[in-house]
Structure formats: structure tokens, C-alpha cells
Amino acid sequence: MWKWLHPYANPEVSYHFSGKLLPWLSAFAALFLSIGLVWALAFAPADYQQGDSFRIFYIHVPAASLSMGIYFGMAIAAFTSLVWQFKLADASAAALAPVGATFTAIALITGAAWGEPMWGTWWIWDARLTSELILLFLYLGVISLHNAFEDKNLAGKAAGILTLVGVINLPIIKYSVEWWNTLHQGSTVSKLGAPSMSVDMLWPFLFCFLGFVLLISVIVCIRFRSEILARNSIRPWVRDLVAAHLNQEKTNAV
Amino acid sequence: MNPRRKKRLTIVGSIVVGIAVVAGLVLYALSQNIDLFYNPTEITQGKKDSGIKPKIGQRIRIGGLVVPNTVKRDPDNLKVSFSLSDMKMPIVFSDSDPMISVHYDGILPDLFREGQGIVANGTLTRSSSGELYIEASEVLAKHDENYMPTELADAAGKDYKKLEYSDKQLNNN
């Protein structure tokens, strides 16, 4: 059943396959993000109470939910790497971590910028904000573990264990607004039944969300490829690639 | 799957399940401390599971909906008082709901409206007539998850004007 996946366990195959995906992902990311952001920031109707301040929603919500999504992806990679000792999974977890940390930081910063005028405070130690901050610390821990060891396999194992321990935080972030009294509001888009938003506000959100998903896949793809090269630098195929690249540069120079 | 992988799968799986159980129990034990605020009902009748009531003089946070027609503002300064009732859906106010009034001296956040959810941080106090109220040092607005364009809000007959402050009120502080 999983036989078709086996060729991609080879770093060389994966490297070339992700190279072919990259231009398509970049083109669609640019398309969706430009449509989504222009629509959201310039044309979507303003909220009746918050006015234009509500537009930060279009960046805050995708960043926050994708910060959890990336972590979940990283956890799956860590799990496969620990159980099947599949080296490329470590490379992809290492590629995901800094992107996730960045999106977590974006969610926290845009949230604070919105909270100051709307709530009256930048920060409050409620369950949602605190658990999202813990997610940022988990990412930073995973990044530092990936870089703390000379031996990449050992580093992957240590970071993978921390990643799996931190998975517990994901349902806590997601349901914090339902389980406890928080200042943070409940979810608008991802709830059963109708989203609490009018349709002309929701469409630009969907474009932005898809745009951010594609943007993340572009960045992760690039990082994944450079991780593969760094981890396989002594292999002949990487040497051939570098030699071909140098030759190309030489002929270009002449 | 070969036996070594199966063994690793069991070890990793049981570590994750074990930690999930530990985290679940810790959160369950802490659940009341994680709540950001008390509801008015919890102040008068105690928390639902434990019956713990805040004491007079204790610093607490209260969260609730601003009851319409209870906002009293001093025309000369920034002193304001209003009553809160429990946050619940759908929003209906009745006189029989437990209410706690909040006294505050300062500028309220932009989203402060009658019927809006707010969280106030302050001291639980008993007035000379025996009523409980909160002497607040901070008032935060809680936004709900609903977003609506102005035209729809107008069509639904919603009142969403911001509070305005006169020069007199602002200068006396």
C-alpha cells in the first residue's frame, strides 16, 4: 500500500522531485496571496465595531492556525523518524521548525497589536495566549536541539522526542477558549456549523489562508532541499551536482 | 513491520500516551486556576465544582456582560459604574440574573458597550448597604467571535457607538 512512497526515501529522488514542485508552488503562492491580501486589506467590508482594525484577522488567524499545523506536520515527521529511522523525516522536521517559529511569532505579535486598542492590553496571561507562547518556546527548543549536536541522527532523535512531548500543547491551544474562561474570543472560522462571519468577509480569508499554506510549502521546500544537500554533502550525486553548477558558472563567466 | 520497529513503535507510542495522561491530569487539577476570571454567579454562589467563593478584599478578575441601562457615568470626571451578568449565549438579560456592579475610574477600552463582554481586574468589596461590588483598577473589553460589516449591523438594528468623553471629564484627571 505504501510501496509507491518508497522511491522518495532516497534523498536524490526527493531532492529532484521537490525541485520540480517548487516553481508551481511559488506561482500559486504569489497568485493566492496577492489576490487574498488585496481583497482583505482594501475591499473587504470593515467590521461594525472594530472598523479597519479587524483586518489584522486576515494575517493573525492563518498565522496562528498554521503555527499549529506546522507543528503537527513536524510531529508526524518526528514520529516516522523515531519509529522507522527514516533520515529524510529528520531533514523535513529540521526544515519545518524555523518556519513554524516564525509563524507563531507573527501570530503573537499581530495579536498583541490588535489587543492593545481592542481589549485595552497588549498581553494577558490567559490560557490561549500562554499556550501559544509555550508553542513558540517548544519551536525554539526544537531548533536549538537540531543545532546542538554534531551528529545529525542524534540531533534528530533528541529534537524528535521534544517535538512529540510538545504535541500535547496543540489540543490545549485549540480548546483553551472552550475549556476555560479566557479573554481571547472563541474561533470564528473553524467551528461546526456556520462560521460567525459574513460571506464577503470570509472569502478573502480563504484566499489568504490558502496563500499562506502555499507560501509555507515554498519556504519549507527550499529549506528541505538545502537540508538534504547539507546532510548528503559527501555523496557522489551531490558532488556531481556541485561540479555541474560550477561548470555552468564558468561558461557563463566566459 | 520487523520486530525492532515494532518495539520502537510501542516505546514511542507509550511515551506519548503517558505524557498525554500526565498533562491531562495536571490540567484537570489546575483547571480552576487556569480560568482567567470569575462569573458574577461564581462570586455570589461559588465555583461550580468546588464551591470556592472569593473573599471580601481579595483581588480578583470578573468577567461578564455589561447589563444595558446600568452604565452610570459621572459628568465631571472619569468615574463610571456598571453591572455585569454572566456571559451566555444567546444574550438575554433578566433582572433575576445574579449581577455584580463594577466601579472604575479611568478611560474604558474602545469596545466597551452595553451588552458587550468585559473583564475587570479589581478588589471585591462590600458596600455599607451590604452589596458586593468590584473596585476595578483595570477594565478590558472581550471581543466575541462575530464579525459583521456595518450595513448588516445597521440592518440588524445594532447600537455600536463608542463612548465619548467631554473635555471636562478628561481634564479633571
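Residues numbered from 1 in each chain as written. Chains lettered and ligands numbered in written order. Predicted model: local features only at pLDDT ≥ 70, side-chain atom pairs only at ≥ 80, totals over all residues. Heavy atoms only, no water.

### Description of the overall build of chain A
Here is step 1: When helices and strands are counted, chain A shows eight helices and zero strands.
Here is step 2: Helices and strands appear in chain A in the N-to-C order α-α-α-α-α-α-α-α.
Here is step 3: Counting only C-alpha atoms, chain A reaches 60 × 45 × 40 Å along its principal axes.
Here is step 4: When contacts within chain A are restricted to residue pairs at least 6 apart in sequence, those whose partners lie at least 24 apart make up 75%.
Here is step 5: Carbon and sulfur atoms provide 71% of the accessible area of chain A, an area that totals close to 12600 Å². (Helix = DSSP H or I, 4+ residues; strand = E, 2+ residues; numbered from the N terminus. Contact = heavy atoms within 4.5 Å. Areas by Shrake-Rupley, 256 points an atom, 1.4 Å probe, with all protein chains shown as cover.)

### Some thoughts on the overall build of chain B
Here is step 1: Check the secondary structure of chain B and you find four helices and six strands.
Here is step 2: Helices and strands in chain B line up, N terminus first, as α-α-β-β-β-β-β-β-α-α.
Here is step 3: In terms of overall size, chain B is more extended than a compact globule, its C-alpha atoms giving a radius of gyration of 23 Å where 173 residues would be expected to give roughly 16 Å.
Here is step 4: Principal-axis analysis of the C-alpha atoms places the extent of chain B at approximately 80 × 45 × 35 Å.
Here is step 5: For chain B, the proportion of its 173 residues judged to be buried stands at 38%.
Here is step 6: Intrachain contacts of chain B at a sequence separation of at least 6 include 58% that bridge at least 24 residues. (Rg over C-alpha atoms; globule rule 2.2 N^0.38 Å. Buried < 20%, exposed > 50% of the residue type's maximum accessible area, 1.4 Å probe, protein only.)

### Quick look at the packing of aromatic side chains
Residues and elements named next belong to chain A.
Here is step 1: Applying the stated criterion across every chain, the model contains 17 aromatic pairs over all chains.
Here is step 2: Here the aromatic rings of Phe54 and Tyr58 are separated by 5.6 Å at their centres, their planes lie at 65°, and the arrangement is edge-to-face. As far as burial versus exposure is concerned, Phe54 and Tyr58 are alike and both buried.
Here is step 3: Connected via pairs of aromatic rings, a cluster forms that spans Phe54, Phe57, Tyr58, Phe205 and Phe209.
Here is step 4: Residue placement shows Lys174 over the ring face of Tyr175; its charged tip is 6.0 Å from the ring centre.
Here is step 5: Positioned over the ring face of Tyr15 is Arg225, at 4.2 Å from the centre of the ring. (Phe/Tyr/Trp six-rings, centres within 6.5 Å; stacked < 30°, edge-to-face > 60°. Lys NZ or Arg CZ within 6 Å of the ring centre and 35° of its normal.)

### Considering the nonpolar core
Soluble, globular proteins show a tendency: their nonpolar side chains are buried together.
Here is step 1: Ranked by internal contacts, the top residues of the largest apolar core, which has 45 residues, are A:Tyr71, A:Met74, A:Leu135, A:Tyr139 and A:Ile216.
Here is step 2: For this core, the secondary-structure elements that each account for two or more residues are helix H1 (11-43), helix H2 (57-84), helix H3 (87-118), helix H4 (127-148), helix H5 (152-166), helix H6 (169-179), helix H7 (199-231) and helix H8 (236-253) of chain A.
Here is step 3: Contact partners of A:Ile216, with chain neighbours within four places excluded, come to A:Leu66, A:Ile70, A:Val99 and A:Phe103.
Here is step 4: Residues B:Tyr38, B:Ile62, B:Ala136 and B:Val139 belong to the second largest nonpolar core, which totals 19 residues. (Core = buried A, V, L, I, M, F, W, Y, C linked by side-chain atoms within 4.5 Å.)

### Comments concerning H1(A)
Residue and element names in this part refer to chain A.
Here is step 1: For H1, which comprises 33 residues, the first-to-last C-alpha distance of 45 Å matches the rise-based estimate of 48 Å (1.5 Å per residue) to within 8%.
Here is step 2: At Leu22, H1 shows its largest kink, close to 30°, and the proline Pro23 lies no more than four residues downstream.
Here is step 3: Looking at H1, one finds that the buried residues are Ser14, Tyr15, Ser18, Leu22, Leu25, Ala29, Phe32, Leu33, Gly36 and Ala40.
Here is step 4: Elements that come into contact with the buried residues of H1 comprise H2, H3, H7 and H8.
Here is step 5: One side-chain oxygen at the N-terminal end of H1 lies 2.8 Å from the backbone nitrogen of Glu12; it belongs to Asn10. (Expected span 1.5 Å × (residues − 1). Bend = angle between axes of the 7 residues up to and from the residue. Polar contact = N/O pair within 3.5 Å; in protein donor to acceptor, adjacent residues only side chain to side chain.)

### Considerations on the pattern of salt bridges
Residue and element names in this part refer to chain A.
Here is step 1: Within this structure, the stated rule accounts for two salt bridges over all chains.
Here is step 2: A salt bridge links Glu227 to Arg231; its shortest N-O distance comes to 2.9 Å. Placement of the pair is Glu227 and Arg231 together in helix H7, with a separation of four residues, close to one helical turn.
Here is step 3: Its relative accessible area of 25% is what places Arg231 among the partly exposed residues. (Salt bridge = Lys/Arg side-chain N within 4 Å of Asp/Glu carboxyl O.)

### Notes on unusual backbone geometry
In most cases, non-glycine residues show a negative phi, while peptide bonds are predominantly trans.
Here is step 1: A positive phi angle is found at A:Gln85, which is not glycine, with a value near 50°.
Here is step 2: Mapping A:Gln85 onto the fold places it in the loop between H2 and H3.
Here is step 3: Non-glycine residue B:Asn69 carries a positive phi angle of around 65°.
Here is step 4: By secondary structure assignment, the location of B:Asn69 is in the loop between strand S1 (59-66) and strand S2 (72-73).

### Points about a positive patch on the surface
Here is step 1: Taken together, the side chains of A:Lys157, B:Arg4, B:Arg5 and B:Lys7 make up a positively charged region of the molecular surface.
Here is step 2: Tallying contributions element by element places helix H1 (residues 3-34) of chain B first for the positive patch, with three residues.
Here is step 3: Along the chain, B:Arg5 falls in helix H1. (Patch = residues over 30% accessible without salt bridge, like charges linked within 9 Å, V, L, I, M, F, W, Y side chains within 5 Å. Lys, Arg positive; Asp, Glu negative; His and termini not counted. Charge placed at Lys NZ, Arg CZ, Asp CG, Glu CD.)

### Remarks on the interface of chain B and chain A
Quoted interface sizes are often the accessible area lost when the parts come together.
Here is step 1: Every contact between the two is made by 40 residues of chain B and, on the other side, 42 residues of chain A.
Here is step 2: For the pairing of chain B and chain A, the buried interface totals around 3600 Å² over both sides, and the portion due to carbon and sulfur atoms is 63%.
Here is step 3: Summed over the three residues of chain B that lose the most area to chain A, namely B:Leu36, B:Glu145 and B:Tyr147, the buried surface amounts to 20% of that side.
Here is step 4: For the pair chain B and chain A, the number of links is zero salt bridges.
Here is step 5: Across the contact surface, chain B and chain A share seven residue pairs in polar contact (both at pLDDT 80 or more).
Here is step 6: Of all elements in the fold, only H1, strand S6 (132-142) and helix H3 (150-155) of chain B reach the threshold of two or more residues within the side of chain B that touches chain A.
Here is step 7: At 11 residues, H1(B) tops the list of elements feeding residues into the side of chain B that touches chain A.
Here is step 8: Of the residues belonging to the side of chain B that touches chain A, the class tally is 23 nonpolar, six polar and 11 charged. (Buried area = accessible area lost by both parts, 1.4 Å probe. Nonpolar A, V, L, I, M, F, W, Y, C, P; charged D, E, K, R; others polar.)

### Quick word on the environment of B:Asp144
Here is step 1: Relative to the helices and strands, B:Asp144 is located in the loop between S6 and H3.
Here is step 2: Each C-alpha atom of the pair B:Asp144 and B:Asp76 lies 32 Å from the other, and the pair is 68 residues apart in sequence.

### Section: a nonpolar patch on the surface
Residue and element names in this part refer to chain A.
Here is step 1: Where nonpolar side chains cluster on the molecular surface, the patch consists of Met1, Trp2, Trp4 and Leu5 and spans about 560 Å² of accessible area.
Here is step 2: Positionally, Trp2 belongs in the segment before H1.
Here is step 3: Overall, the relative accessible area of 52% leaves Trp2 in the exposed class.

### As for the domain arrangement of chain B
Here is step 1: You can read the domains of chain B as domain 1 (1-34) and domain 2 (37-171).
Here is step 2: Centre-to-centre separation of domain 1 of chain B and domain 2 of chain B, based on C-alpha positions: 41 Å. (Domains from an automatic or database assignment.)

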